[in-house]
Amino acid sequence: TLGLCLWWLGSHGLQPVELNARVVSWPLACFHATIAILAALLLRSAYMDKLPLVSKYTVHGRPDIPEVTHAFYHSGRWTTFTLWCNTVGAVYFGVAFCADVWMMSGGPLPPYA
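Residues numbered from 1 in each chain as written. Predicted model: local features only at pLDDT ≥ 70, side-chain atom pairs only at ≥ 80, totals over all residues. Heavy atoms only, no water.

Thoughts on the packing of aromatic side chains
- A full pass over the atoms with the stated rule returns four aromatic pairs.
- Residues tyrosine 92 and phenylalanine 93 carry aromatic rings whose centres are separated by 5.1 Å and whose planes lie at 80° to one another, so their mutual orientation is edge-to-face.
- Put simply, the rings of Phe31, Tyr92 and Phe93 touch in pairs and so form one group of aromatic residues. (Phe/Tyr/Trp six-rings, centres within 6.5 Å; stacked < 30°, edge-to-face > 60°.)

Structure below.
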């Protein structure tokens, strides 16, 4: 892969790219909406799950410190990295869908876009 990239760069050189170009279409907006809805349903499912997320904490190499067990319910599950990442992904795709609809309806682009 690196060799292919170096070959491409050597044969085509550096070319200017318009960084403000954003492809907007209804299929892309539908994709963003679908992912946002599915992610929101996943997060709702994690929040509504009646079974607790049980974590057992131990100190490696210290048998004198007792094991601690804690059960996380509902919003307590958001202490995990995975649910935070899923939440950020859901928000991203929701905002991307809103931006798609805004741009397709002829709304002005922000100056930093």
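Moving on from the model shown.
Notes on the side chain of threonine 87
- Position of threonine 87 relative to the elements: it lies in helix H3 (residues 81–104).
- Leave out the neighbours within four places in its chain, and threonine 87 touches Leu43 and Trp78. (Helix = DSSP H or I, 4+ residues; strand = E, 2+ residues; numbered from the N terminus. Contact = heavy atoms within 4.5 Å.)

Notes on the pattern of salt bridges
- With the rule as written, the count across this model stands at two salt bridges.
- For the salt bridge of aspartate 49 with arginine 77, the shortest nitrogen-to-oxygen distance reads 3.4 Å. Note that aspartate 49 is positioned in the loop between helix H2 (26–48) and strand S1 (53–57) and arginine 77 in the loop between strand S2 (68–72) and H3, a separation of 28 residues in sequence.
- The buried category is assigned to arginine 77, whose relative accessible area is 9%.
- A salt bridge links aspartate 64 to arginine 62; the shortest N-O distance between them is 2.9 Å. (Salt bridge = Lys/Arg side-chain N within 4 Å of Asp/Glu carboxyl O. Buried < 20%, exposed > 50% of the residue type's maximum accessible area, 1.4 Å probe, protein only.)

What about H2?
- Between the first and last C-alpha of H2 there are 32 Å, a value that for 23 residues agrees with the 33 Å anticipated at 1.5 Å per step.
- Where H2 is concerned, the buried positions are Ala29, His32, Ala33, Ala36, Ala39, Leu43 and Ala46. (Expected span 1.5 Å × (residues − 1).)

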